[in-house]
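Below, each chain spelled out in residue letters.
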Amino acid sequence: MKKLSLFFTAIILSILLISCSQDQAGTTDNTNANETEDNEGTATYPNANLLVDVEWVANHLDDENVQFVDLRGEGYEGGHIPGASHITWPEIADPESPYDGVLLPAEPFAALMQEIGIDQDETVVIYDDGSSLSAARLFYALEYYGHQNLKIFNGGFTAWLNAGEDVSTESPEITKGDFVATANEKLVCDLETVEASLDDDNVIMLDTRSEEEYTGENLRAERGGHVPNAVHIEWSEAVEDVDGVPSFKSFDELTALYEEKGVTKDKTIVPYCQTNVRGAHTYFTLRLLGYDSIKPYEGSWAEYGNVSTTKIEK
């Protein structure tokens, strides 16, 4: 009888141990499900893999499949992330366009990307001084032209310096890349489409300029004001100062910022600014939040405000 009791006790203990092991495994699985590969970015963003931090960058400096691109307007020669190539956002603008800031056509854009070593299948990590304004412009351009593995370094070079990481003053040896640009027209909006969408409840025109530009007080074209019914959320509202480093706000803060003004995921969002630099920053922010239908107006106010027939509100 005693042996039988011990036998049942052993069975019960085994069941309990198995149950505990399953609970632990389940907890581990749930944790991994909420995190991105290599702990990139912030786990609460639906597309957290698009944003990386200092630790991620430091761990991938010698990764042959990762290309870092410095988008700062100045300072590259004085120090940059080791191995990073360099370009500025005005270099990707088409000098032949009648409107400022419009992206280069596919072939010259691809040629420029090849010159800085961009390959079709590698991971490209873009950074600037920290606001990610310039970085987002290249992010959008590359995504529009078909690159599928892009990331922005949150906090950029400011975060790198604040972390005490090593910098380089040497220009890297660049092997010509093989990037091929194929435009994705689902990721862009032109003037005709904007005008046709003015009364469409499923389309949100999102003005990312300053309040003064939105109202027409700051005139940067022949006419000032904004696209009729456009929602105004300045691009910089997505960024905050964290210990001296410009960083993207949390998922909850960003979600509230946009949804409280009706910029929701069930709509097609058309960000614009003056030359789609600030608009591209908002494009990236919405991508980070998991929005699926975002079509920046590439001509932006440089076009809209200089065409005499467009409808304008102030």
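Keep in mind that this is a model prediction, so the values were computed, not measured.

What counts, and at which threshold
Residues numbered from 1 in each chain as written. Predicted model: local features only at pLDDT ≥ 70, side-chain atom pairs only at ≥ 80, totals over all residues. Heavy atoms only, no water. Helix = DSSP H or I, 4+ residues; strand = E, 2+ residues; numbered from the N terminus. Buried < 20%, exposed > 50% of the residue type's maximum accessible area, 1.4 Å probe, protein only. Contact = heavy atoms within 4.5 Å. Areas by Shrake-Rupley, 256 points an atom, 1.4 Å probe, with all protein chains shown as cover. Pairing = 2+ DSSP bridges. Axes fitted to C-alpha atoms, helices over the stretch in contact; angles between N-to-C directions. Salt bridge = Lys/Arg side-chain N within 4 Å of Asp/Glu carboxyl O. Patch = residues over 30% accessible without salt bridge, like charges linked within 9 Å, V, L, I, M, F, W, Y side chains within 5 Å. Lys, Arg positive; Asp, Glu negative; His and termini not counted. Charge placed at Lys NZ, Arg CZ, Asp CG, Glu CD. pLDDT = per-residue confidence, 0-100. Core = buried A, V, L, I, M, F, W, Y, C linked by side-chain atoms within 4.5 Å. Expected span 1.5 Å × (residues − 1). Phe/Tyr/Trp six-rings, centres within 6.5 Å; stacked < 30°, edge-to-face > 60°. Lys NZ or Arg CZ within 6 Å of the ring centre and 35° of its normal.

A.B. asks: Could you give an account of the overall build of the protein, with specific residues and numbers?
C.D. replies: A tally of regular secondary structure across the protein gives ten helices and ten strands. For the protein, with 314 residues in total, the buried portion stands at 49%. In the protein, 74% of the contacts between residues at least 6 apart in sequence involve partners at least 24 apart. Summing over all exposed atoms, the protein offers an accessible surface of approximately 15,600 Å²; the carbon and sulfur share of this is 47%.

A.B. asks: Now, about unusual backbone geometry: what can you tell me, with residues and values included?
C.D. replies: Positive phi is not limited to glycine here, since Ser132 has a value of about 70°. Along the polypeptide, Ser132 turns up in the loop between β4 (123–127) and α4 (133–144). You can call Ser132 buried: its relative accessible area is 1%. Even without a glycine there, the phi angle at Asn229 is positive, about 70°. Along the chain, Asn229 falls in the loop between α7 (211–215) and β7 (231–232).

A.B. asks: Run through the sheet that holds strand β2 (residues 66–70), naming residues and quoting values.
C.D. replies: Here we have five strands laid out as an open sheet, ordered β1-β5-β4-β2-β3, and parallel in their pairing. Because the sheet does not close on itself, it has two edges, and the strands there are β1 (51–52) and β3 (85–86). Judged from the five bridges that link them, β2 and β4 form a sheet pairing that is parallel. Within β4, the residue paired with Asp70 across the bridge is Tyr127. In the packing of α4 onto the sheet, the strands contacted are β2, β4 and β5 (150–153), and the crossing angle to β5 comes to about 180°.

A.B. asks: Account for the pattern of salt bridges, with residues named and values stated.
C.D. replies: One pass over the structure, following the stated rule, counts six salt bridges. A salt bridge links Arg72 to Asp70, with the shortest nitrogen-to-oxygen separation between them at 2.8 Å. Judged by its relative accessible area of 4%, Arg72 is buried. For Asp70, a relative accessible area of 0% gives the class buried.

A.B. asks: Give a description of a negative patch on the surface that names residues and reports values.
C.D. replies: On the surface, Glu185, Asp190, Glu192 and Glu195 cluster together to form a negatively charged patch. For Glu192, the location among the structural elements is in helix α6 (residues 191–196).

A.B. asks: Residues and numbers for the confidence of the model for the protein, please.
C.D. replies: Averaged over every residue, the pLDDT of the protein is 89; residues scoring 70 or more account for 86%. This stretch, residues 1–43, has a pLDDT under 50; its non-local contacts, to residues over four places away or in other chains, come to 18 contacts.

A.B. asks: Pulling in residues and values, what's your account of the sheet that holds strand β6 (residues 203–207)?
C.D. replies: Hydrogen bonds along the backbone pair up the strands of a sheet, which may run parallel or antiparallel. If you trace the three strands from one edge of the open sheet to the other, you get β7-β6-β10, paired in parallel fashion. Edge positions in the open sheet fall to β7 and β10 (268–272), since each of these has one partner strand only. Alignment of β6 against β7, held across two bridges, turns out to be parallel. The partner of Leu206 across the bridge, within β7, is Val231. Packing of helix α9 (residues 278–288) onto the sheet brings it into contact with β6 and β10, and relative to β10 it is tilted by some 150°.

A.B. asks: Could you give an account of helix α3 (residues 106–115), naming the residues involved and the relevant values?
C.D. replies: All of the buried residues in α3 are Phe109, Ala110, Leu112, Met113 and Gln114. Gly117 occupies a position one or two residues after α3 and carries a positive phi of about 90°.

A.B. asks: Summarise the nonpolar core; cite the residues concerned and give the values.
C.D. replies: In globular proteins that are soluble, nonpolar side chains generally tend to be buried together. Ranked by size, the top nonpolar core spans 52 residues in total, and within it Phe109, Met113, Leu138 and Tyr258 carry the most contacts. Broken down by secondary-structure element, the contributors of at least two residues to this core are α3, β4, α4, β5, β6, α8 (251–259) and α9. By residue number, the principal contributor to this core is α4, which donates eight residues. Setting aside chain neighbours within four positions, we find Met113 in contact with Ile87, Ile92, Ile118, Leu138, Leu142 and Phe179. Within the second largest apolar cluster, 16 residues are counted, among which are Leu191, Leu198, Ala230 and Tyr272.

A.B. asks: I'd love a proper account of the environment of Trp160, names of residues and values included.
C.D. replies: Relative to the helices and strands, Trp160 resides in helix α5 (residues 156–162). A sequence separation of 85 residues divides Trp160 from Val245, and the C-alpha atoms of the two residues are 9.5 Å apart. Not counting the four nearest positions on each side in its chain, Trp160 is found in contact with Val54, Val57, Ala58, Leu61, Ile81, Pro82, Phe153, Glu165, Asp166 and Val167.

A.B. asks: With reference to specific residues and values, describe α4.
C.D. replies: End to end, α4 covers 17 Å across twelve residues, agreeing with the expected 16 Å (1.5 Å per residue, within 8%). Taken as a whole, α4 has its buried residues at Leu133, Ser134, Ala135, Ala136, Arg137, Leu138, Phe139, Tyr140, Ala141, Leu142, Glu143 and Tyr144. Residues of α4 that are buried sit in contact with β2, α3, β4, β5 and α9. Residue Gly146 follows α4 closely and has a positive phi angle near 105°.

A.B. asks: Tell me about the packing of aromatic side chains, residues and numbers included.
C.D. replies: A full pass over the atoms with the stated rule returns 13 aromatic pairs. For the ring pair Tyr127 and Phe157, a centre distance of 6.3 Å and an interplane angle of 20° mean the geometry is stacked. Taken together, the residues span a long stretch of sequence, with Tyr127 in strand β4 and Phe157 in helix α5 at a distance of 30 residues. Of the two residues, Tyr127 and Phe157, both sit in the buried class. With a centroid separation of 6.0 Å and 20° between ring planes, the pair formed by Tyr140 and Tyr144 is classed as stacked. Of the two residues, Tyr140 and Tyr144 both sit in helix α4, four residues apart, roughly one turn of that helix. With relative accessibility at 0%, the residue Tyr140 sits in the buried group. Cluster of aromatic residues (ring-pair linked, three or more members): Phe109, Tyr140, Tyr144, Tyr145, Phe179 and Tyr283. Directly above the aromatic system of Phe157 lies the positively charged group of Arg72, at a separation of 3.9 Å from the ring centroid. Here the guanidinium or amino end of Arg209 rests over the ring plane of Trp301, the centre of that ring lying 4.5 Å away.

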